[in-house]
Amino acid sequence: SQSSGGGALAQPGMVRFLDRCAAEAGVRTQRGLFYGGNSDAAAMHLVRSGVPVGILNIARRYSHSPAEMLDLNDALGAFGILVAASLGFSADTDLSFLPEA
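Keep in mind it's a predicted model, so treat the numbers as computed, not measured. (Residues numbered from 1 in each chain as written. Predicted model: local features only at pLDDT ≥ 70, side-chain atom pairs only at ≥ 80, totals over all residues. Heavy atoms only, no water.)

Engineer: Outline helix H1 (residues 12–25), listing residues and values.
Structural biologist: Here H1 contains 14 residues, and its C-alpha end-to-end distance of 20 Å stays within 8% of the 20 Å for a straight helix at 1.5 Å per residue. Along H1, the positions that sit buried rather than exposed are Gly13, Met14, Phe17, Leu18, Cys21 and Ala22. Just downstream of H1 lies Gly26, where phi reads positive at about 70°. (Helix = DSSP H or I, 4+ residues; strand = E, 2+ residues; numbered from the N terminus. Expected span 1.5 Å × (residues − 1). Buried < 20%, exposed > 50% of the residue type's maximum accessible area, 1.4 Å probe, protein only.)

Shown next, in the form of structure tokens:
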């Protein structure tokens, strides 16, 4: 299995798609850099000639501990984005690596 210690490179088309889904769901988002951790997307974006990935994280404290904490409103917002994204995929969804014309 391939992996990357440096994390995933979110494909710009996927980022725009997730931003649009968040707006449609009425969810405010905040962009950030994810230091000191990784996700499965780090390996996925390297498969074959590349798989478009976008990462949706929920802000939390004490990650992977018995006392992990988060705001339930953030979790509900993330769920809303995922629902909008799931319903937004179609045969016309363009997630290619080609620059937009």
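There is more to say after this.
Engineer: Residue-level account of a nonpolar patch on the surface, with values.
Structural biologist: A grouping of Met44, Val47 and Val51 is seen on the molecular surface, where their side chains present a nonpolar patch of about 210 Å² in accessible area. Checked against the element boundaries, Met44 lands in helix H2 (residues 41–44). (Patch = residues over 30% accessible without salt bridge, like charges linked within 9 Å, V, L, I, M, F, W, Y side chains within 5 Å. Areas by Shrake-Rupley, 256 points an atom, 1.4 Å probe, with all protein chains shown as cover. Salt bridge = Lys/Arg side-chain N within 4 Å of Asp/Glu carboxyl O.)

Engineer: Can you lay out unusual backbone geometry for me, pointing to particular residues and giving the numbers?
Structural biologist: With a phi angle near 60°, Tyr62 is a residue other than glycine that sits in the positive phi range. Turning to its location among the elements, Tyr62 is positioned in the loop between strand S1 (60–61) and strand S2 (69–70). Here the phi dihedral of His64 falls at roughly 60°; this positive angle occurs in a residue that is not glycine. Mapped onto the fold, His64 is located in the loop between S1 and S2.

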